[in-house]
Structures are given as structure tokens and as C-alpha cells.
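The primary structure of each chain is shown beneath.
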Amino acid sequence: MSVPVPRSAEPVTASPDTGLTLLVIEGDPAGPLSMPDVTEMSGAVGSPVRIRTARNLTEAERLLTDDVHCILLDLADAGAATGPAAGRTDELDTLRQVLRLAPHHAVLALTAEEDTERAAEAVRVGAQDYLSRDELDGRVLSRAIRYAVERKRADLTQRQLTESRLRAQENARLERGLLPTPLLAGSGLRFAARYRPGRSRALLGGDFYDMVRTPDGTVHAMIGDVSGHGPDEAALGVELRIAWRALTFAGLCGDELLATLQQVLEHERADDETFATLCAVDISADGRRAGLSLAGHPAPLLVRPGRAPRLLPQEDGGPALGLLRRARWPRRQVELGGLWSLLMYTDGLIEGRVGAGARRLGQDGMVELISRGLSEGLHGEELLDATVAEVQALNGGELTDDLAVLLLDRGSRAPAEIDRPHWPAGPAAVRSVRT
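The numbers attached to residues start from 1 for each chain and follow its sequence in the written order. In keeping with the predicted nature of the model, local features appear solely for residues at pLDDT of at least 70, side-chain atom pairs appear and are counted solely at 80 or more, and the whole-chain, interface and lining totals rest on all residues. Derived side-chain values reflect all non-hydrogen atoms in the structure, with water molecules and hydrogen atoms excluded from consideration.

(A) Structural context of the overall build of the protein. Each helix corresponds to a stretch of at least 4 residues labelled H or I by DSSP, and each strand to a stretch of at least 2 residues labelled E; elements are numbered beginning at the N terminus. On a plain count of helices and strands, the protein comes out with ten helices and 16 strands. Of all 435 residues assigned to the protein, the portion counted as buried reaches 49%. Shrake-Rupley sampling with a 1.4 Å probe provides the accessible areas, and residues are treated as covered by the protein chains on show and by no other component. Of the accessible surface of the protein, which amounts to about 20600 Å², a share of 50% is contributed by carbon and sulfur atoms. Each residue's exposure class comes from its accessible area (1.4 Å probe, protein chains only) as a fraction of the maximum for that residue type: buried when under 20%, exposed when over 50%, partly exposed otherwise.

See below:
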């Protein structure tokens, strides 16, 4: 016999006011649970027990509606319940078919008093409980049904929690795998980053960044922000990051690279309203100069010893990717000097509120925070941690927008090997690489 497709409805909660609905599957219509006997049982308790009787699984499927609270399978007649053509089959196999037919319903097994071994096996197979035919009365039946329904509900709840936890773990592993691993060996630059998605319990947001060193010694760094919040935006950010890395290794930069990225965005975005801002720099092999390209993104902050931090020019930048079909993105040459730090960030760092009012931190407020941290002797990861913590404190709590911050440093310390990067669990992702 072919087993019908399982139903997906949630189990019905037993209500004292409306009573209970029991579906009895017994091959013998004149068996111990025939309709007159059950009617007498239901009258013996405060709430009625409504009975539906099925002679086989085909009838059971038809009678198994969403208002059924529990199924009672008579194991003595289980072979007959599969239908005349099937013959006498193993009663536990019939129970398994019932469980597949009704995965969200409580199931009781009815056995003879002396057949305790088969009753225990029925529970191991999946029944919520068993009843002895010789001890059956209205009160026992009502109590057993309610117990079976609540046990089934608890089992399903636990299963859903387990599945949800496993799904969350799989998503976390996937999202960590989509975060970038900077390729900076031999560059002499130090790199630190802070990444916090705005979505609750997410590891990946619409912000994205990457950094690689090409064979000619040039270090390319990029940070961007997809408009909107959600998994679609996060996925698009990953696509743009991967495309940027591939195009960079293929030798593209500046206007040509951004124009190609815009084509990727236009083909991959969910709707025509989605756009992305982006800041890209390419640092010369000697580390003293950089080309800067901006696509609707805030300019980086340059820090040099003995000088006040200053924002790089952004008036020559182009529009965000995805806004204008034939846009241009000029590449501006910037002198960095011998020793410097370069801070790249998304607007999540500067659009947090300051106090209870509507005032935003802005770029000037960010420059002030960085200047204060430097005056206190903070550098690298400590500087990023202090800055992000103060931005959150000024905002009065966690930021709702995605946030990504990169800090490139060309200091006086000798280059070292790349440290193994580590992404901690939780909503904040941190990487530190020293090359």
C-alpha cells in the first residue's frame, strides 16, 4: 500500500470546553472500541470524546482532518487496517505507516493487557503512549489522549528548537566563510578591521570590504555599502566583493573597475532601486602614494605623525553604483608620505545619533573621536575598539545600521609574517593581519 503524503498541520490543542476528537483505526467494526461502547465512555467524563472510526488507512486519511487531536490504533487489528489486499502484516509496520501519515498528530497504541512487550515496542517506534484493552474506560481514555497530545506537542517543539539551532549554526558557518581573508603578504602594511551587521543575530550585512596585493606590489583596498538591510543585500555585497577581487587581479582599477562592478550590480540586484557606495584605493609598492576612487562613499581619513588627521578629498568622486548608466569615477592621486595610517569606513560609523536628539555624529565628529584616541596613545585594534565603543555610547546603544571599519597602517615597525586571522562568534566580526 502506498503511504499518503504527510500532513503539515500543527497538532490541535485539546480544550476542556470543546472536548476531544479521537480517530480510531481498527480493522473489526465490531471490535472493543465500537461506537456504542465509546459513546458510553465519553459520557463518563466531564468533556465529551468525539469518535471517528476508520477500518483501514485509506479511510483514516479521509477522516484525518485538522481538528483531530489523537489517533488510536488497535494493534490487534493493525494488519487488517492496511486493507484486505495487503493481508495480515506486521502490526508495528502499520503503526509506522500511521506515523508517516500523521507526523503532527499524537498516536496511542491499543494492546492486550498481557502484551506489554509489544506495547513498549510501539512507544519505541513512535507512539506517544499505549492503552491496555482490558483496563479501558472513559476516564483512562480521556487522560491518555490529553497526555499524548501534550507529549506530542512537547516533542515537536523540541524538534523545532533543535532544527532552528542547527540551521543557525549552519548559517553562521556559511556567513563566516563569505567574509574576506586579506591577501597582503609582503606588503609591509598592518591591517585591522571591525565589522558589525545591523540585523539582529546576523553575522553578515550589506557592508563589504576586501584587500589584496597584486604581483606588481600594489596594495588594493576597498570598502562598500549596499543600500537596504537584509539577506538579499548581504548576498549582493558578497557578490560585489568577490567580483572586485577577481577584477583587481585581472588588472582593472579606477573607472574601468567601477564601471564593471556597476554592471555586476545591475545584473544581480533584486530591483532597480538598489545601489551601492564604494571607496577604493590602490597604494603604490613603495607605500608613499595612492590612487583614490569614490562612488558616492565618504572619503578615507589620513593620519600622519605630527599632523592633525584629515579627510582625503571627495569632491571629485562619482555617483553610487547603480544610479547612473554612463557615470564616470575619476581616480585621484594622493600623497601619503613615509609613515601613515588610513581609515576607511562605511556610513554606519558616522550616522549614529549623538544623544537623544536628531544630531548625527558625522565625519567631523568621527575625526574628533579619532584625534582623541590618538592623543591617548591608541593605535591599531585598540583605536578601532575605542572608536566603535564611543560611537555606540553616543548613540545610546547598538547601532541599527551595518558598520565596517578598516585601518591600514604603514608604521616604523619591521614587517612580520601574516597572523592567522580569527573571526569570533557573535554579531561582531574582527580581523587583524600584520604583514
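(B) Structural context of the UniProt feature "modified residue: 4-aspartylphosphate" (unreviewed entry) in the protein. UniProt positions are given in the numbering used here, feature names are shortened, and annotations may be inferred rather than shown by experiment. The UniProt record annotates "modified residue: 4-aspartylphosphate" (unreviewed entry) at Asp74. Relative to the helices and strands, Asp74 resides in strand β3 (residues 70-74).

(C) Local environment of the environment of Leu110. One can find Leu110 in strand β4 (residues 106-111). Between the C-alpha atom of Leu110 and that of Asp74, which follows or precedes it by 36 residues, the distance is 4.7 Å.

(D) Here's a closer look at the packing of helix α4 (residues 91-101) against helix α5 (residues 116-125). For helices, the fitted axis covers only the stretch in contact; all axes are lines through C-alpha atoms, and the angles between them, taken along N-to-C directions, range from 0 to 180 degrees. Put simply, α4 and α5 touch, their axes get as near as 10 Å, and they point 30° apart. The angle between α4 and α5 falls in the class roughly parallel. Crossing angle aside, the handedness with which α4 passes α5 is right-handed. Each of Glu91, Leu92, Leu95, Arg96 and Leu99 in α4 lies in contact with α5, whose residues at this interface are Arg118, Glu121, Ala122 and Val125. The residue inventory of the contact of α4 with α5, partitioned by class, reads five nonpolar, no polar and four charged. Between 65 and 115 degrees an angle is taken as roughly perpendicular, under 35 as roughly parallel, over 145 as roughly antiparallel, and anywhere else as oblique. By definition, any crossing whose near helix is turned counterclockwise from its far helix by less than a right angle is left-handed, and any crossing with a clockwise turn is right-handed. Contacts are residue-level and defined by heavy atoms, with any inter-residue pair within 4.5 Å sufficient. Here the nonpolar group is Ala, Val, Leu, Ile, Met, Phe, Trp, Tyr, Cys and Pro; Asp, Glu, Lys and Arg are the charged ones; every other residue, Gly included, is treated as polar.

(E) Highlighting the layout of surface pockets. Roughly 250 Å³ of internal volume is contained in the second largest pocket. Site definitions follow a grid-based scheme: protein atoms alone, a 1 Å grid, a 1.4 Å probe that fits but cannot get out for cavities, and for pockets an open set with protein on both sides within 12 Å along at least five of seven lines, plus lining residues having an atom within 4 Å of a point. Lining the second largest pocket are 15 residues, and of these Glu351, Gly352, Arg360, Thr400 and Asp401 lie nearest its centre. Of the residues that constitute the lining of the second largest pocket, the class distribution is two nonpolar, six polar and seven charged. Grid points are joined across faces, edges and corners, and a volume is the space filled by probe spheres set on the points.

(F) Quick peek at the sheet that holds strand β7 (residues 207-213). Any two strands are treated as partners once DSSP identifies two or more bridges connecting them. One open sheet accounts for five strands, arranged β7-β8-β9-β10-β13; its pairing is antiparallel. Looking at the sheet topology across the chains shown, the edges are occupied by β7 and β13 (331-335). Averaged over all pairs of adjacent strands, the angle between strand axes in this sheet comes to 15°, irrespective of strand direction. Lying over the sheet, helix α7 (residues 231-249) contacts β7, β8 (219-226) and β9 (276-283), oriented at roughly 15° with respect to β7. Along the sheet, helix α8 (residues 254-268) makes contact with β9, β10 (289-295) and β13, crossing β9 at roughly 150°.

(G) Focus on the packing of α7 against α8. In the contact formed by α7 and α8, the axes pass within 10 Å of each other and the chain directions differ by 145°. The two elements α7 and α8 cross, and the hand of that crossing is right-handed. Contacts between α7 and α8 involve Leu236, Glu239, Leu240, Ala243, Trp244, Leu247 and Thr248 on the former and, on the latter, Leu257, Thr260, Leu261, Val264, Leu265 and Glu268. Here the contact of α7 with α8 is built from residues that sort into nine nonpolar, two polar and two charged.

(H) Structural detail: the pattern of salt bridges. Salt bridges, as used here, are contacts in which a Lys or Arg side-chain nitrogen is within 4 Å of a carboxyl oxygen on Asp or Glu. This model, assessed by the stated rule, comprises 17 salt bridges. Across the salt bridge formed by Arg194 and Glu381, the nearest N and O atoms sit 3.8 Å from each other. Taken together, the residues Arg194 in strand β6 (residues 190-196) and Glu381 in helix α10 (residues 380-395) connect sequence positions 187 residues apart. The buried category is assigned to Arg194, whose relative accessible area is 4%. Note that Arg372 and Glu368 form a salt bridge whose closest N and O atoms lie 3.3 Å from each other. Here the residue Arg372 and the residue Glu368 both occupy positions in helix α9 (residues 362-375), the gap between them amounting to four residues, near one helical turn. On the basis of relative accessibility, which here comes to 32%, the residue Arg372 falls in the partly exposed class. Three or more residues joined by partner-sharing salt bridges are found here, namely Arg194, Glu381 and Asp385.

(I) Expanded view of the sheet that holds β4. Pairing in this open sheet of five strands is parallel, and the strands run β2-β1-β3-β4-β5 from one edge to the other. A strand with exactly one partner marks an edge of an open sheet, and here the two such strands are β2 (49-54) and β5 (129-132). Between one strand axis and the next, the sheet turns by 25° as a mean value, whatever way the strands run. Here five bridges tie β3 to β4, and the two strands are oriented parallel to one another. Pairing of Leu72 across the sheet is with Leu108, part of β4. Where α4 meets the sheet, its contacts fall on β1 (20-25), β3 and β4, and the angle it forms with β3 comes to roughly 165°.

(J) Here's a closer look at the nonpolar core. Ranked by size, the top nonpolar core spans 31 residues in total, and within it Phe191, Ile283, Trp340, Met344 and Leu408 carry the most contacts. Of all the secondary-structure elements, those providing two or more residues to this core are β6, β7, β8, α7, β9, β10, β14 (340-345) and β15 (403-410). If we ignore the near neighbours within four places in the chain, the residues touching Met344 are Ala221, Met222, Ile223, Cys279, Val281, Pro300, Ala404, Val405, Leu406 and Leu408. Put simply, buried Ala, Val, Leu, Ile, Met, Phe, Trp, Tyr and Cys residues joined by side-chain atoms within 4.5 Å make one nonpolar core. Leu349, Leu361, Leu383 and Leu403 belong to the second-largest nonpolar core, a separate cluster that totals 22 residues.

(K) Geometry of the environment of Leu189. When you line up the elements, Leu189 lands in the loop between α6 (138-178) and β6. Leu189 sits 98 residues away from Gly287 along the chain, and the two C-alpha atoms are 8.5 Å apart.

(L) Structural view of α8. Taking 1.5 Å of rise per residue, 15 residues should cover 21 Å, and α8 covers 21 Å from first to last C-alpha, within 8% of that figure. On its buried face, α8 is in contact with α7, β9, β10 and β13. The span expected for a helix works out to 1.5 Å for each residue beyond the first.

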